[in-house]
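Analysis of the macromolecular model
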Amino acid sequence: VQLLESGGGLVQPGESLRLSCAASGFTFSVYHMSWYRQAPGKEREWVARVTSVGGITSYADSVKGRFTISRDNAKNTVYLQMNSLKPEDTAVYYCYAVKAVWPANDYWGQGTQVTVAS
């Protein structure tokens, strides 16, 4: 099982990034997919989620209107489009998968660093 994030980097405030998370080793389509992030000295926090069926999305208030989560089941990949980035978005971003049916197996990626600074 592997969740491999990519797309992180250093950008200036107001710019955009798109994160990708490529999944392998499990049946991607039956897993809800989420993005979490963890800033230095802070707890990991939930950012966005897309369901396994129907692709229903939800977002933390701090990113609503700026970030968009999507999934491509044919490519076993989930994305996070991040627009209008702010310095407070600086964090390590993690991909998380949880099975939609019992047993609710779950998996984490290794994370990708996003730094927003001028």
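Residues numbered from 1 in each chain as written. Predicted model: local features only at pLDDT ≥ 70, side-chain atom pairs only at ≥ 80, totals over all residues. Heavy atoms only, no water.

**Here's the deal with unusual backbone geometry**
Cis geometry marks the peptide bond from Trp102 to Pro103, where omega comes out at -5 degrees. Tracing the chain through its elements places Pro103 in the loop between strand E9 (91-99) and strand E10 (106-108). Unusually for a residue other than glycine, Asn76 sits at a positive phi of about 55 degrees. Turning to its location among the elements, Asn76 is positioned in the loop between strand E7 (67-72) and strand E8 (77-82). (Helix = DSSP H or I, 4+ residues; strand = E, 2+ residues; numbered from the N terminus.)

**Notes on the pairing of E9**
By the criterion of burial, E9 is predominantly enclosed, with seven of the nine residues buried. In this sheet, E9 lies alongside strand E4 (residues 31-38) in antiparallel orientation, the contact comprising eight bridges. The residue of E9 that forms the bridge with Arg37 is Tyr93. For E9 and strand E11 (residues 112-116), the ladder comprises three bridges, and the chain directions are antiparallel. Looking across to E11, one finds that Tyr93 is bridged to Thr112. Bridge count for E9 against E10 is three bridges, and the pairing is antiparallel. What sits directly across from Val98, in E10, is Asp106. If you look at the hairpin formed by E9 and E10, you'll find six residues sitting between the two strands. (Buried < 20%, exposed > 50% of the residue type's maximum accessible area, 1.4 Å probe, protein only. Pairing = 2+ DSSP bridges.)

**Focus: the state of the cysteines**
For the coordinates displayed, the defined rule picks out one disulfide. Each sulfur of the disulfide joining Cys21 and Cys95 lies 2.2 Å from the other. With the S-S dihedral at roughly -85 degrees, the linkage between Cys21 and Cys95 falls on the left-handed side. Pair noted here: Cys21 is in strand E3 (residues 17-24) and Cys95 is in strand E9, with a separation of 74 residues, a long-range link. (Disulfide = S-S within 2.5 Å.)

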